2 protein chains.
Amino acid sequence: MRAIAVERDGSQPRLIEKPRPEPDPGEALVRTLRVGIDGTDFEVIDGNHGGFPAESDHQVLGHEAVGVVEESNGTALEEGQLVVPTVRRPPDTANEYFRRGEPDMAPPDECLERGIDGEHGFMADYVTSPEAFLVPVPPAFEATGILIEPMSNTEKALEHAYASRSAFDWQRDAALVLGNGPLGLLTLARLQSEFERTYCLGRRDRPDPTIDLIERLGATYVDSRETPVAAVPAEYEPMDLVYEATGYAKHAFETIDALDQNGVGVLLGLPGDAAFDVAGGRLHRTLVQGNRALVGSVNSHVEHFEAACETLSALPDWFSDALVTDVFEPAAVDDAFSRSPDRIKTVIEFDSR
Amino acid sequence: MRAIAVERDGSQPRLIEKPRPEPDPGEALVRTLRVGIDGTDFEVIDGNHGGFPAESDHQVLGHEAVGVVEESNGTALEEGQLVVPTVRRPPDTANEYFRRGEPDMAPPDECLERGIDGEHGFMADYVTSPEAFLVPVPPAFEATGILIEPMSNTEKALEHAYASRSAFDWQRDAALVLGNGPLGLLTLARLQSEFERTYCLGRRDRPDPTIDLIERLGATYVDSRETPVAAVPAEYEPMDLVYEATGYAKHAFETIDALDQNGVGVLLGLPGDAAFDVAGGRLHRTLVQGNRALVGSVNSHVEHFEAACETLSALPDWFSDALVTDVFEPAAVDDAFSRSPDRIKTVIEFDSR
């Protein structure tokens, strides 16, 4: 079968042939329809994140997938069922986090991540997975099911952020998303129904498809070259929620200044090492006197995938179409992994029903 | 009546005479029994925190009080009832935070604080207060009711911290309190019943009454001169909760490194301005990959005072006695406000029943 993988001595993803996997007991065989590309894939390709599966000279990429159950193999899944696989797998035997159904809360060294860290991903004609890690989704998600995994990360992050504000009467007036990539835009769309006013920060010139999408959602585009994060309250308004989806190291700290009284900053980006000077005393005091919080969040579990499904179903029809700008066949791997400012979400289509 | 106040041109608190206040409609007159001294009082004296009441040439100190209702003045309070006053008052008319019963969530410019910012405090023979800000407490708190206000701040802070960890199955194995002042020790005592193992960080040599108290509680004393905060996981263990009660600016950032996977840092100290270099990228990433959170918290509301009452009632009898090391008459104001390493909690006693 076809697969898109990086090799240990390679710097670019390639289309390779490898045997179709056989499902173990408790696993189903899934025929892959589509797999999305995101920033993490580029970090994996560049060797900056995750790692190869043990004893493998290559790693199949891809962690945002939708497929069809090809062989139920004795599981409760029905053949033909549309499914989205979750990403984390137990490293050896299941540890406490997996037993609790919360693999997203496991430390990095107590889980593998398909397509990212220690396991092959989903960019292949067929994949196998334990039943428990395959989330059934409605047939309408054949084309857009690849958005469920990234949205599930937002479901989890916001669940934790909202929980942190649940001990008092939190006012949800204004929210700011840092980053206009696919995760930022998905989050912005979700926040429309929960906040009076929403903002999305990027560094792009018009005309730009992400700015169009931001404004079509009813949000305000903030150009970070004109208005740095810490200046947002003065230029616009202080924020009840800031969602960091860029991985720029300074944003975690600038977020504190962008928050309103009692606001929460949600951190999802994964910056590299960077040291810099901060007004640490003032930031510390600002957190305390304003009852502010910073909440870090990574990954998601099955319930977040189910919630993401509901969230995406409730978004306007045009949104997913506007977000998924580019669809490639596996053979067009080089084109698929080239970068362009006109693209928002790029998808590789292995098959359709 | 007697009162202990700082004057606009003075640098030390003095015993003064001023008229006994008359309760307005809706207010009760309270005869003060005891008032505690804490670090905030010294910051007020030094002019580093809060401010004088408008049009007053002095500010009566004190925000940790217990007293007896002297005149109910038509309120539902009974004369003779033991009460503890809350600290925050509306600046003019009640704003949304006071209307919701959450004055602790108000921004600094939308509230006054008795004895701290813009209102006279409780270090006087008599004080008046609206009924809503007087919390009835059992008679057993005559001597130790001054611990209810500081403990209420911990009740509020932990309520918010625990809320931030409520979206998953949080494991409460180990907790670390930064600071062995009265607030740190009160918090350490409260955490005994909730965590398997507790630690308290200070910078004192033995013999020391706070170290004795830490060890009598069953906790481990961590000397920050030997083990800095960020080194605590390597030397002891990573922490599920870190409670910052020193106001040292760098602690907010070092706390991130002291936390275990899925841990929460609770910030209560109020540092001054200080700028310094941080490993910002790594700290940001550590928050994200470990699902860690930082939660700032200030002040408390009536329900937290009620919770503090229950918490203190459940602590061993010896604890409050060991914590309140020094009791002075108002005339001994100079002694009361001198500092000594042998003291933990200093109290001024205006009257007893």
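A quick note: this is a predicted structure, and the numbers were derived from the prediction, not measured.

> When you look at the overall build of chain A in this model, what are you seeing that I'm missing?
Along chain A, the regular secondary structure elements total 11 helices and 20 strands. A compact globule built from 353 residues should have a C-alpha radius of gyration of about 20 Å, and chain A, at 20 Å, falls within 12% of that. Structurally, chain A occupies a C-alpha span of about 60 × 45 × 40 Å along its principal axes. Looking at chain A as a whole, 59% of its 353 residues qualify as buried. As displayed, chain A offers around 13,400 Å² of accessible surface, 44% of which is attributable to carbon and sulfur atoms. Between the centroid of the 30 positive side chains of chain A and the centroid of its 63 negative side chains there is a distance of 3 Å.

> Help me out: how do you make sense of the pairing of strand β14 (residues 220-223) of chain A in this one?
Within a regular beta strand, the side chains point alternately toward one face of the sheet and then the other, so they alternate between its two faces. Residue and element names in this part refer to chain A. The pairing of strand β13 (residues 197-202) with β14 spans four bridges and is classified as parallel. Bridge pairing links tyrosine 199 to threonine 220 in β14. Since β13 and β14 lie parallel, the crossover through helix α5 (residues 209-216) that links them has a hand, and here it is right-handed.

> Mind showing me how you'd approach the domain arrangement of chain A here?
Often, the extent of an interface is quoted as the loss of accessible area upon association of its parts. All names here are of chain A. On domain assignment, one finds that chain A holds domain 1 (2-136 + 316-349) and domain 2 (152-296). A separation of 28 Å is found between the C-alpha centroids of domain 1 and domain 2. Of the residues lining the interface, 11 residues belong to domain 1; the matching set on domain 2 comes to 14 residues. Summing both sides of the interface, domain 1 and domain 2 together bury roughly 1,100 Å²; the carbon and sulfur share of this comes to 75%. When the buried surface of domain 1 facing domain 2 is broken down by residue, Trp318, Phe319 and Ile344 rank first, second and third, together holding 48% of it. Linking domain 1 to domain 2 there are one salt bridge. In this structure, the salt-bridge partner of lysine 156 is aspartate 104, at a minimum N-O distance of 2.8 Å. Inspection of the region where domain 1 meets domain 2 yields two residue pairs in polar contact (both at pLDDT 80 or more). The element contributing the most residues to the side of domain 1 that touches domain 2 is helix α10 (residues 317-323), with four residues.

> Even after reading the chapter, I still don't get helix α9 (residues 302-314) of chain B, so can you show me in this structure?
Since the α-helix turns once every 3.6 residues, residues separated by three or four places project in the same direction. Residue and element names in this part refer to chain B. With 13 residues, α9 extends 19 Å from end C-alpha to end C-alpha; this agrees with the ideal 18 Å at 1.5 Å per step. Of all the residues in α9, the buried ones are His304, Phe305, Ala308, Cys309, Thr311 and Leu312. Buried residues belonging to α9 abut β6 (82-85), β11 (134-136), α3 (148-164) and α4 (182-191).

> Help me understand the UniProt feature "binding site: NADP(+)" (unreviewed entry) in chain A in this model?
Residue and element names in this part refer to chain A. According to UniProt, the "binding site: NADP(+)" (unreviewed entry) feature falls on Asn180, Gly181, Pro182, Leu183, Arg203, Arg204, Leu268, Gly269, Leu270, Ser297, Val298 and Asn299. Spanning 120 residues, the named residues are also spread out in space, since their farthest C-alpha pair is 27.6 Å apart. Looking at the secondary structure, you find glycine 181 in the loop between β12 (174-178) and α4 (182-191). Of note, arginine 204 is situated in the loop between β13 and α5. A residue is classified by how much of its surface remains accessible, and arginine 204, at 24% relative accessible area, is partly exposed. Arginine 204 has contacts with Asn180, Thr210, Ile211, Tyr221, Asp223, Arg225 and Pro341, leaving out every residue within four places of it along the chain.

What counts as what
- The residue numbering used here restarts from 1 in each chain and proceeds along that chain's sequence as written.
- Naming scheme: in the order in which they are written, chains are lettered from A and ligands are numbered from 1.
- Residue-level local features of this predicted model are given only where pLDDT is at least 70; pairs of side-chain atoms are given and counted only at 80 or more, and the full residue set underlies all totals for whole chains, interfaces and linings.
- To get the side-chain values, all heavy atoms of the structure are used, and hydrogens and water are removed first.
- Under the scheme used here, helices are H or I runs from DSSP no shorter than 4 residues and strands are E runs no shorter than 2 residues, and both carry numbers assigned from the N terminus.
- Note on method: radius of gyration uses C-alpha positions; expected globular size equals 2.2 Å times residues raised to 0.38.
- The cut-offs for exposure are 20% and 50% of the maximum accessible area for each residue type, with area from a 1.4 Å probe on protein chains only; residues under the lower value are buried, those over the upper are exposed, and the others partly exposed.
- Computed with a 1.4 Å probe, the accessible areas rest on the Shrake-Rupley method; for each residue, only the protein chains presented here act as cover.
- Charged-residue counts in this description rest on Lys and Arg as positive and Asp and Glu as negative, His and the chain ends being excluded.
- Throughout, a charge is located at the NZ atom of Lys, the CZ atom of Arg, the CG atom of Asp or the CD atom of Glu.
- Two strands qualify as a pair provided that DSSP identifies no fewer than 2 bridges between them.
- Clockwise travel from the first strand over the helix to the second, with the strands pointing away from the viewer, marks a crossover as right-handed.
- Domain delimitation in this document rests on an assignment produced automatically or drawn from a domain database.
- Contacts: residue pairs with any heavy atoms within 4.5 Å of one another.
- Summed over both partners, the accessible area (1.4 Å probe) lost when two parts come together is defined as the buried area.
- Any Lys or Arg side-chain nitrogen found within 4 Å of a carboxyl oxygen on Asp or Glu counts as a salt bridge.
- Each polar contact in these results corresponds to two N or O atoms within 3.5 Å; when the atoms are within protein, one needs to be able to donate a hydrogen and the other to accept it, and residues that are neighboring in sequence are counted only if both atoms are side-chain atoms.
- Any helix carries an expected span of 1.5 Å times its number of residues minus one.
- UniProt positions are given in the numbering used here, feature names are shortened, and annotations may be inferred rather than shown by experiment.

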